[in-house]
Amino acid sequence: MDIRIALCDDEKQQRDYLTLLLRKWNPKAHIEAFESAESFKMMREEKTPHDILLLDIQMGGQDGVSLAKELRAANEELIIIFITGVPDFIQEGYDVAALHYLMKPVNESKLFTVLDRAVSQVSITPKPLLLPVEGETVKLSFGDILYIESFAHYLEVVTVSGTITVKMPTYKLEQLLSDEFIRCHRSYLVNMRHISKITKTDITLDNGKFVPLSRRMQSSVSETFIAYIAGASPQ
């Protein structure tokens, strides 16, 4: 499983130490370290959301508790693990639904145990899709998306409740989508969850709408959809 972990601590020695432990726990995990809440938030506006956040409570600038509250107020669903040198913030942890507290110096075995718990939650909790729309961030459930159509530098994300226009390259959005989405045409990506029928020229969705199907993609789309229905992991 591809796990994305953010580490936010204003002490370089702590960042380096925790990064080493994280790589020992899972060499394949994608790990990014930040020296402040501000640098973490700046990154989060531009990149794929993380699954887990290891967050130091006492930092210069914005502290970890206020950052966590800000993330929760924005409906961010990442798993937060607090790191602290003093055990005085337990109530704040409950307020932001933190998974756990780890005391400094962080014990390797305790960290690994908490990370294992975090991964089990990530695996059963689908992450939302966060899209930039006119200076704001819109959160979508993958299951609500019917299909996506590209127009030059813009994408139209068609959902069960309406259409959202996003300025983003198609390839970048594809990297954020789940395996339920498949390209069926040069300009279309469709959610297999909502496919009801496939013909040689188009795809019928469960709401009655049609999406064009490229002739050269017809065979691969049909095979992938059959595997999806059978419960196999689509390629």
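Above this text is the structure in question.
Residues numbered from 1 in each chain as written. Predicted model: local features only at pLDDT ≥ 70, side-chain atom pairs only at ≥ 80, totals over all residues. Heavy atoms only, no water.

**Student:** I would appreciate a short explanation of the nonpolar core in the present structure.
**Tutor:** For soluble globular proteins, the rule of thumb is that nonpolar side chains tend to be buried together. Counting residues in hydrophobic clusters, the biggest one holds 24 residues, and the most contacted among them are Ile5, Leu18, Ile52, Leu54, Ile81, Leu111 and Leu115. For this core, the secondary structure elements donating two or more residues are β1 (4–8), α1 (12–25), β3 (52–56), β4 (79–84) and α5 (108–124). Ranked by the residues each element gives to this core, the list is headed by α5, at seven residues. Counting residues in hydrophobic clusters, the runner-up holds 19 residues, among them Phe34, Met59, Leu67 and Phe82. (Core = buried A, V, L, I, M, F, W, Y, C linked by side-chain atoms within 4.5 Å. Buried < 20%, exposed > 50% of the residue type's maximum accessible area, 1.4 Å probe, protein only. Helix = DSSP H or I, 4+ residues; strand = E, 2+ residues; numbered from the N terminus.)

**Student:** Which parts of the structure should I look at to understand the sheet that holds strand β5 (residues 100–103)?
**Tutor:** Sheets are built from strands that pair by backbone hydrogen bonding, the pairs being arranged parallel or antiparallel. Read from one edge of the open sheet, five strands run β2-β1-β3-β4-β5, paired in parallel fashion. Edge positions in the sheet fall to β2 (30–34) and β5, since each of these pairs with one other strand and no more. Taking each pair of neighbouring strands and ignoring which way they run, the sheet shows an average axis angle of 20 degrees. The pairing of β3 with β4 spans five bridges and is parallel. Bridge pairing links leucine 55 to phenylalanine 82 in β4. Where α1 meets the sheet, its contacts fall on β1, β2, β3 and β4, and the angle it forms with β2 comes to roughly 170 degrees. Together, β1, β2 and β3 form the strand contacts of helix α2 (residues 37–44), whose direction differs from that of β2 by roughly 135 degrees. (Pairing = 2+ DSSP bridges. Axes fitted to C-alpha atoms, helices over the stretch in contact; angles between N-to-C directions. Contact = heavy atoms within 4.5 Å.)

**Student:** Teacher, can you tell me more about the sheet that holds strand β14 (residues 202–205) here?
**Tutor:** Strand order in this open sheet of three strands is β13-β14-β15, and the pairing throughout is antiparallel. With partners counted over all chains shown, the strands left at the sheet margins are β13 (195–198) and β15 (210–212), one partner each. Pairs of neighbouring strands in the sheet enclose a mean axial angle of 25 degrees, with direction left out of account. Taken together, the three bridges between β14 and β15 define a ladder with antiparallel strand orientation. Note on β15: the bridge partner recorded for aspartate 202 is proline 212. Against the sheet, helix α7 (residues 218–229) makes contact with β13 and β14, and its axis sits at roughly 140 degrees relative to β13, the strand it touches most.

**Student:** Please clarify how α2 should be interpreted in this entry.
**Tutor:** Three or four residues apart is the spacing at which side chains of an α-helix point the same way, because the helix has 3.6 residues per turn. Of all the residues in α2, the buried ones are Ala37, Phe40, Met43 and Arg44. With its buried residues spanning 130 degrees around the axis, α2 presents them on a single face. Where α2 is buried, its residues meet β1, β2, β3 and α3 (64–73). (Arc of directions from axis to C-beta.)

**Student:** For this particular structure, what's the right way to read the pairing of strand β10 (residues 162–167)?
**Tutor:** Relative to β10, strand β9 (residues 154–159) is paired through six bridges, and the arrangement is antiparallel. Considered in β10, the bridge of leucine 155 is made with valine 166. Turn length for the β9-β10 hairpin, with the two strands adjacent in sequence and antiparallel, is two residues.

**Student:** Looking at this structure, I do not really get the pattern of salt bridges. What am I missing?
**Tutor:** Opposite charge on two side chains makes pairing possible when the charged atoms of those side chains draw close. Tallied over the full model, the rule gives eight salt bridges. Residue lysine 12 pairs with aspartate 16 through a salt bridge whose shortest N-O separation is 2.7 Å. On the criterion of helical spacing, the pair formed by lysine 12 and aspartate 16 is a turn pair, its members being four residues apart in helix α1. Look at aspartate 16 and you get partly exposed, because its relative accessible area is 39%. Each of Asp9, Asp56 and Lys104 takes part in salt bridges that share partners, so that together they form one network. (Salt bridge = Lys/Arg side-chain N within 4 Å of Asp/Glu carboxyl O.)

**Student:** Hey, could you run me through unusual backbone geometry in this one?
**Tutor:** Leaving glycine aside, a negative phi is the common case for residues, and trans is the common case for peptide bonds. Following lysine 104, the chain continues to proline 105 via a peptide bond in cis, the omega torsion being -5 degrees. Along the chain, proline 105 falls in the loop between β5 and α5. Positive phi, normally seen in glycine, also occurs at glutamate 134, with a value near 50 degrees. Tracing the backbone through its elements, the reader meets glutamate 134 in the loop between β6 (129–133) and β7 (136–140).

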